[in-house]
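Coordinate analysis (summary)
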Amino acid sequence: KVQDGQAYFLKNLEVGKYLKSGGKWGTQTALGSAAMPITFEKSEGKYKLRTTLTEYDPNGVTSDTYAYMNANQNAIAQADKGCIFMNRPGNEGSWSLEEYGDAEIGYYYVIVDEDGMALTASNVKQVSTAIKSDDNDAQKWVLLTEKDIRDQMVTATNEVPYDITPLLKGADFDLDNTINS
């Protein structure tokens, strides 16, 4: 179950990659072996997805505010309405989480924005939003805490290794990401 204020690593069910920063200036959502913790903040029944990215400052001054994941392109016209990280007041995004699965097989979530668009793995590297579909595994996300990943790690064997990259802080050396400090 999702806990308010808890940091999670979001792993896509279809492609098996984690949500992270990437794209233009490291401010767009992407997928990879490295993972970025996302903190869920509940407000009025919806969630803001807070990242470890800080607001870009051309003078090199680090902001005390962290970016939110937002489905809107902030007036940038694009056909596929991708997701970006931003922290502008009033533009924080508002996501609902639809839970599927059970305690025995595990839970996964479809993360839907205020326009009914679901966070979707466009391919093995990119994330966008698309019309929600219950049959689309690219829209299903497993939410893992650091403890969850460590618990799974102990099952590794020589025959079945486990990729620990999500636990490496700043594995991609992303710009303006506090996880690198």
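Residues numbered from 1 in each chain as written. Predicted model: local features only at pLDDT ≥ 70, side-chain atom pairs only at ≥ 80, totals over all residues. Heavy atoms only, no water.

Each helix and strand in the protein chain was counted, giving 1 helix and 12 strands. The linear arrangement of helices and strands in the protein chain, starting from the amino end, is β-β-β-β-β-β-β-β-β-β-β-β-α. The buried share of the protein chain, taken over its 181 residues, is 43%. A separation threshold of at least 6 residues defines the contact pool for the protein chain, and within that pool the share at least 24 residues apart is 49%. (Helix = DSSP H or I, 4+ residues; strand = E, 2+ residues; numbered from the N terminus. Buried < 20%, exposed > 50% of the residue type's maximum accessible area, 1.4 Å probe, protein only. Contact = heavy atoms within 4.5 Å.)

Take the side chain of Thr-120 next. As for its placement among the helices and strands, Thr-120 is situated in strand β10 (residues 117-121). Owing to a relative accessible area of 6%, Thr-120 belongs among the buried residues under this scheme. At 3.2 Å, the side chain of Thr-120 and the side chain of Gln-139 are in polar contact. The residues touching Thr-120, leaving out its near neighbours within four places in the chain, are Gln-126, Val-127, Ser-128, Thr-129, Ala-130, Asn-136, Ala-138, Gln-139 and Trp-141. (Polar contact = N/O pair within 3.5 Å; in protein donor to acceptor, adjacent residues only side chain to side chain.)

For the rest of this paragraph, the subject is the nonpolar core. Formed by 20 residues in total, the largest nonpolar core has its most connected members in Leu-10, Phe-40, Trp-141 and Leu-143. Among the elements of the structure, β1 (7-12), β4 (38-43), β5 (46-54), β8 (95-102), β9 (106-113), β10 and β12 (141-144) are those that each provide at least two residues to this core. Residue contacts for Leu-143: discarding those within four places in its chain leaves Val-2, Tyr-8, Phe-9, Leu-10, Phe-40, Leu-97, Tyr-109 and Asp-148. (Core = buried A, V, L, I, M, F, W, Y, C linked by side-chain atoms within 4.5 Å.)

A complete count under the given rule lists 6 salt bridges for this structure. The closest approach of N and O atoms between Asp-137 and Lys-140, which form a salt bridge, is 2.8 Å. Here Asp-137 falls in the partly exposed class, since its relative accessible area comes to 33%. What makes Lys-140 buried here is its relative accessible area of 9%. (Salt bridge = Lys/Arg side-chain N within 4 Å of Asp/Glu carboxyl O.)

By the secondary structure assignment, Leu-143 is in strand β12. As for Leu-143 and Tyr-18, which are separated by 125 residues in sequence, their C-alpha atoms are 9.8 Å apart.

Quick look at the pairing of β1 now. Strand direction decides the pairing type here: β1 and β4, joined by 2 bridges, are antiparallel. Its bridge partner being in β4, Ala-7 is matched across the sheet by Thr-39. Where β1 meets β12, 4 bridges bridge the pair, whose relative direction is antiparallel. Paired with Asn-12 across the two strands is Trp-141, which belongs to β12. (Pairing = 2+ DSSP bridges.)

This part covers unusual backbone geometry. We note that Glu-44 has phi near 55°; this positive angle belongs to a residue other than glycine. Looking at where Glu-44 falls in the secondary structure, it is placed in the loop between β4 and β5.

This part is about the confidence of the model for the protein chain. Residues at a pLDDT of 70 or more form 67% of the protein chain, whose mean pLDDT is 76. Of the regions scoring below 50 in pLDDT, residues 73-81 engages in 19 contacts with residues more than four places distant in sequence or in other chains. (pLDDT = per-residue confidence, 0-100.)

So, about the environment of Ile-149. Summarising the element assignment, Ile-149 is placed in helix α1 (residues 146-153). As a C-alpha pair, Ile-149 and Phe-9 span 140 residues in sequence and 8.9 Å in three-dimensional space. The contact partners of Ile-149, leaving out residues within four places of it in the chain, are Phe-9, Tyr-18, Leu-144, Tyr-162, Pro-166 and Leu-167.

Relative to the elements of secondary structure, Lys-140 occurs in the loop between β11 (127-131) and β12. Between the alpha carbons of Lys-140 and Leu-13 there is a distance of 5.5 Å; along the sequence they are 127 residues apart. Apart from residues no more than four positions distant in its own chain, Lys-140 is found in contact with Lys-11, Asn-12, Leu-13, Tyr-108, Tyr-109, Val-110 and Asp-134.

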